[in-house]
Amino acid sequence: MTDPAEAGRRVAEGFLPLLRQVPGFVAYYWVDAGNGVMVSTSVFEDRAGAEESVTRAADFVRDNLASLLPNPPQVTSGQVVAAG
C-alpha cells in the first residue's frame, strides 16, 4: 500500500458503508500492519454474506484503491473455529 492513511479513509468512507448492507454482516477491521501492508478481516453470520463481501471488495478495490496498490490483494476465507 503506497498511502495507508488514504486507503484507510477510502475504506472507512466508501467500502464500510457498502459492507454494512450485506446480509449477515457482523464486523469489519482494516489494519495497518506496517511497511505498506494492510490486512482486513470481515466477519459474517454465514458463507453467503462472506462471498458477497468478496465480490463487493473486488469491485471497490478496482474502482477506488487500485492506484494505491502496487500488488494485487490476496483473499483468504474460512470458518471461525475459535473466538474469544
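Relevant structure appears above.
As a starting point, this report considers the structure included with it. (Residues numbered from 1 in each chain as written. Predicted model: local features only at pLDDT ≥ 70, side-chain atom pairs only at ≥ 80, totals over all residues. Heavy atoms only, no water.)

**Description of the pairing of strand S2 (residues 37-44)**
- As defined by bridge partners, strand S1 (residues 25-34) adjoins S2 across eight bridges and the pair is classed as antiparallel. Paired with Tyr 28 across the strands is Ser 42, a residue of S2.
- The turn joining S1 and S2, which pair antiparallel and follow one another in sequence, is formed by two residues; a positive phi near 55° is taken by Asn 35. (Pairing = 2+ DSSP bridges. Helix = DSSP H or I, 4+ residues; strand = E, 2+ residues; numbered from the N terminus.)

**Details of the pattern of salt bridges**
- Counted under the stated rule, the structure contains six salt bridges.
- With its nearest N and O atoms 2.6 Å apart, the salt bridge here joins Glu 6 to Arg 9. A residue pair is termed a helical-turn pair when its members lie 3 or 4 positions apart in one helix, as Glu 6 and Arg 9 do in helix H1 (residues 4-20) at three residues.
- A salt bridge links Arg 56 to Glu 52; the shortest N-O distance between them is 2.8 Å. Of the two residues, Arg 56 and Glu 52 both sit in helix H2 (residues 47-65), four residues apart, roughly one turn of that helix.
- Assessed through its relative accessible area of 24%, Arg 56 is described here as partly exposed.
- One connected set of salt bridges, linked through shared partners, spans Glu 6, Arg 9, Arg 10 and Glu 13. (Salt bridge = Lys/Arg side-chain N within 4 Å of Asp/Glu carboxyl O. Buried < 20%, exposed > 50% of the residue type's maximum accessible area, 1.4 Å probe, protein only.)

**Points about the layout of surface pockets**
- Its boundaries defined by the atoms lining it, the largest pocket holds a volume of some 1300 Å³.
- The wall of the largest pocket is formed by 38 residues, among which Ser 40, Thr 41, Gln 74, Val 75 and Thr 76 lie closest to the centre.
- Elements supplying a minimum of two residues to the lining of the largest pocket: H1, S1, S2 and H2.
- Tallied by class, residues from the lining of the largest pocket come to 23 nonpolar, eleven polar and four charged. (1 Å grid on protein atoms, 1.4 Å probe; cavity = no way out; pocket = protein on both sides within 12 Å on 5 of 7 lines; lining within 4 Å. Points joined across faces, edges and corners; volume = space filled by probe spheres on them. Nonpolar A, V, L, I, M, F, W, Y, C, P; charged D, E, K, R; others polar.)

**Looking at the nonpolar core**
- Judged by nonpolar contacts, the single largest core of 13 residues is most densely connected at Val 11, Phe 15, Leu 19, Tyr 28 and Leu 65.
- Elements represented by at least two residues in this core include exactly H1, S2 and H2.
- In terms of residue count, the dominant contributor to this core is H1 (five residues).
- When residues no more than four places from it in sequence are discounted, the contact partners of Tyr 28 are Val 11, Phe 15, Leu 16, Leu 19, Ser 40, Thr 41 and Ser 42. (Core = buried A, V, L, I, M, F, W, Y, C linked by side-chain atoms within 4.5 Å. Contact = heavy atoms within 4.5 Å.)

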